[in-house]
Amino acid sequence: MNTFNFNGPVSGNAFGDDNTVTNHHYHQPAEPVTASALAEQLVTLLRELPADAGAVARAEALRDELAGAEEEGRPVDQGRVRTALAAVEPYVTVGSGGMALVQGIMALLGG
């Protein structure tokens, strides 16, 4: 095991003894990220990718549900969100960042 002594916070990867990678992030975004903002990014990404029009429509429905719940102060319809994410997931590629958006939305919704 290696020990490094830095005089301030460092962001990056740290490899543990059990071959796990831990990411450290010390910079907080100016505003908290919302699920509806991530859904908006997902819609934009799917429009740029060669995705089925139905997948784009599901992503738009997801965005609208999250934004509506946020504006109205009501709980999100978990069934609609999970159904939409399940329909969209096959169209996001690993390198596109789409999977991170899907996982981020799920994490913000407690899934």
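Everything numeric here is computed off the predicted structure, so don't read it as measured data. (Residues numbered from 1 in each chain as written. Predicted model: local features only at pLDDT ≥ 70, side-chain atom pairs only at ≥ 80, totals over all residues. Heavy atoms only, no water.)

### Notes on the overall build of the protein
This is how the line gets drawn: Secondary structure elements are taken from DSSP: a helix is a run of H or I of four residues or more, a strand is a run of E of two residues or more, and numbering for both begins at the N terminus. Type-normalised accessible area, obtained with a 1.4 Å probe on protein chains alone, sets the label of each residue: buried when under 20%, exposed when over 50%, and partly exposed for intermediate values. The contact rule is simple, with two residues in contact once any of their heavy atoms fall within 4.5 Å.
Within the protein, the secondary structure is distributed over four helices and two strands. Element order for the protein, N to C, with α for helix and β for strand: β-β-α-α-α-α. Sorting the 111 residues of the protein into buried and exposed places 24% on the buried side. A separation of at least 24 residues holds for 50% of the contacts in the protein among residues at least 6 apart in sequence.

### Things to note about the nonpolar core
The line we're drawing: Grouping buried Ala, Val, Leu, Ile, Met, Phe, Trp, Tyr and Cys residues that are joined through side-chain atoms within 4.5 Å yields what is termed a nonpolar core.
In terms of nonpolar packing, the biggest core is built from 20 residues, with Leu42, Leu46, Leu62, Leu66, Leu85 and Ile105 touching the most fellow members. For this core, the secondary-structure elements that each account for two or more residues are helix 1 (35-48), helix 2 (53-72), helix 3 (78-88) and helix 4 (98-108). Among the elements that line this core, the one with the most residues is helix 1, at seven residues. Setting aside its immediate chain neighbours within four residues, Leu62 contacts Ala39, Leu42, Val81, Ala84, Leu85 and Ile105.

### Observations concerning helix 3
Rules: The directions from the helix axis to the C-beta atoms form the arc being described. Definition of a polar contact: a pair of N or O atoms within 3.5 Å, with one able to donate and the other able to accept a hydrogen when the atoms are protein atoms, and with sequence-neighbouring residues admitted only if both atoms are side-chain atoms.
Where helix 3 is concerned, the buried positions are Val81, Ala84, Leu85 and Val88. All buried residues of helix 3 lie within an arc of 100° about the axis, which places them on one face of the element. Elements in contact with the buried residues of helix 3: helix 1, helix 2 and helix 4. Its side-chain oxygen 3.2 Å from the backbone nitrogen of Gly79, Asp77 forms the N-cap of helix 3.

### Considerations on the environment of Asp64
Structurally, Asp64 can be placed in helix 2. Taking the C-alpha atoms as reference points, Asp64 and Ser36, separated by 28 residues in sequence, lie 7.9 Å from one another.

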